[in-house]
Amino acid sequence: MPGPAVPGPPAPAPASPTVPFPPRGGEHRHWFEPVAEHLGDAYLRYSFTKGTGQEVAFLVDVLGLRPGMRVLDVGCGPGRHARALAARGIEVLGVDISGRFVDLATRD
């Protein structure tokens, strides 16, 4: 009598709904873009963003970041961490799938 079935390797993950860079201006857009456009500036006023200073202080401490160092912020959103790091003299390059959030991060 055969033993219990042994599961094989997991099925590959489905392809993510990404678009070619840049993700704006074409007919194909990432599913998150309408959400980012809807949220806009209001995203930066949500209560969870109030801890940005503490979050960045933690990252600076744990990673040993000092002025003049460089950080790649993948999924930077509207740039709340990137701006706080830059205020500490850390050079930040932020990238995000949302063109709207990149626009917010780079203004001013």
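Throughout this document, residue positions are counted from 1 along each chain, in the order its sequence is written. In keeping with the predicted nature of the model, local features appear solely for residues at pLDDT of at least 70, side-chain atom pairs appear and are counted solely at 80 or more, and the whole-chain, interface and lining totals rest on all residues. Note that the side-chain values use all heavy atoms of the structure and ignore hydrogens as well as water.

Observations regarding the side chain of Glu33
Here is step 1 of the chain: Only DSSP runs of H or I covering at least 4 residues are called helices, and only runs of E covering at least 2 are called strands; the numbering of each starts at the N terminus. Within the secondary structure layout, Glu33 lies in helix H1 (residues 33-39).
Here is step 2 of the chain: Throughout this description, a polar contact denotes any pair of N or O atoms lying within 3.5 Å of each other; where both atoms belong to protein, one of them has to be capable of donating a hydrogen while the other can accept it, and for residues adjacent in sequence the pair is counted only when both atoms sit in side chains. A polar atom in the side chain of Glu33 sits 3.0 Å from the backbone nitrogen of Arg100.

Thoughts on the packing of helix H2 (residues 52-63) against helix H3 (residues 80-87)
Here is step 1 of the chain: Only the stretch in contact is used when fitting a helix axis, every axis being a line fitted to C-alpha atoms; angles between N-to-C directions are given from 0 to 180 degrees. Interhelical geometry of H2 versus H3 gives an angle of 60° and a closest axis separation of 10 Å. Comparing their axes, H3 and H2 come out oblique. In this structure, the crossing between H2 and H3 has a hand that is right-handed. Of the residues in H3, those in contact with Thr52, Glu55, Val56 and Val60 of H2 are Arg80, His81, Ala84 and Leu85.
Here is step 2 of the chain: Side-chain classes follow a simple rule in which Ala, Val, Leu, Ile, Met, Phe, Trp, Tyr, Cys and Pro form the nonpolar group, Asp, Glu, Lys and Arg form the charged group, and the remainder, Gly included, forms the polar group. Taken together, the residues of the contact of H2 with H3 sort by class into 4 nonpolar, 2 polar and 2 charged. The cut-offs work like this: below 35 degrees is roughly parallel, past 145 is roughly antiparallel, 65 to 115 is roughly perpendicular, and the gaps in between are oblique. Each crossing gets its hand from how the near helix is turned against the far one by less than a right angle, where anticlockwise is left-handed and clockwise is right-handed. Only heavy atoms matter for contacts: two residues are in contact if any of them lie within 4.5 Å across the pair.

Some remarks on a nonpolar patch on the surface
Here is step 1 of the chain: A cluster of nonpolar side chains, namely Phe58, Leu59, Val62 and Leu63, defines an oily patch on the protein surface of about 390 Å² accessible area.
Here is step 2 of the chain: With respect to the secondary-structure elements, Val62 resides in helix H2. Patch membership is restricted to residues that have no salt bridge and whose relative accessible area is over 30%. Joining uses 9 Å for like charges and 5 Å for the nonpolar side chains Val, Leu, Ile, Met, Phe, Trp and Tyr. The method behind every accessible area is Shrake-Rupley, applied with a 1.4 Å probe, and residues are considered shielded solely by the protein chains displayed. By definition here, a salt bridge exists when the distance from a side-chain nitrogen of Lys or Arg to a carboxyl oxygen of Asp or Glu is within 4 Å.

So, H2
Here is step 1 of the chain: Here H2 spans 16 Å end to end across 12 residues, near enough to the 16 Å set by a 1.5 Å rise per residue.
Here is step 2 of the chain: The complete set of buried residues in H2 reads Thr52, Val56 and Val60. Along the axis of H2, the buried residues cluster in a sector spanning 70°; they form a single face. Pointing more than 90 degrees away from the buried face of H2 are the exposed residues Gln54, Phe58, Asp61 and Val62. Each helix should span, by expectation, one fewer than its residue count multiplied by 1.5 Å. Each residue is assigned to one of three classes by its accessible area relative to the maximum for its type, calculated with a 1.4 Å probe on protein chains only: buried under 20%, partly exposed between the two thresholds, exposed over 50%. What the arc measures is the spread of directions leading from the helix axis to the C-beta atoms.

Some thoughts on the confidence of the model for the protein
Here is step 1 of the chain: Here the protein averages 80 in pLDDT, and 74% of its residues register 70 or above.
Here is step 2 of the chain: The predictor's confidence in any single residue is recorded as pLDDT, a number from 0 to 100. Under a pLDDT of 50 for its full length, residues 15-20 has, in the predicted model, 6 contacts with residues more than four places off or in other chains.

Details of the pattern of salt bridges
Here is step 1 of the chain: Per the stated rule, a full pass over the model turns up 1 salt bridge.
Here is step 2 of the chain: In this structure, Glu55 and Arg80 form a salt bridge, with 3.3 Å as the shortest nitrogen-oxygen distance. Taken as a pair, Glu55 in helix H2 and Arg80 in helix H3 lie far apart in primary sequence, 25 residues in all.
Here is step 3 of the chain: In this structure Arg80 comes out as buried when scored by relative accessible area, which is 16%.

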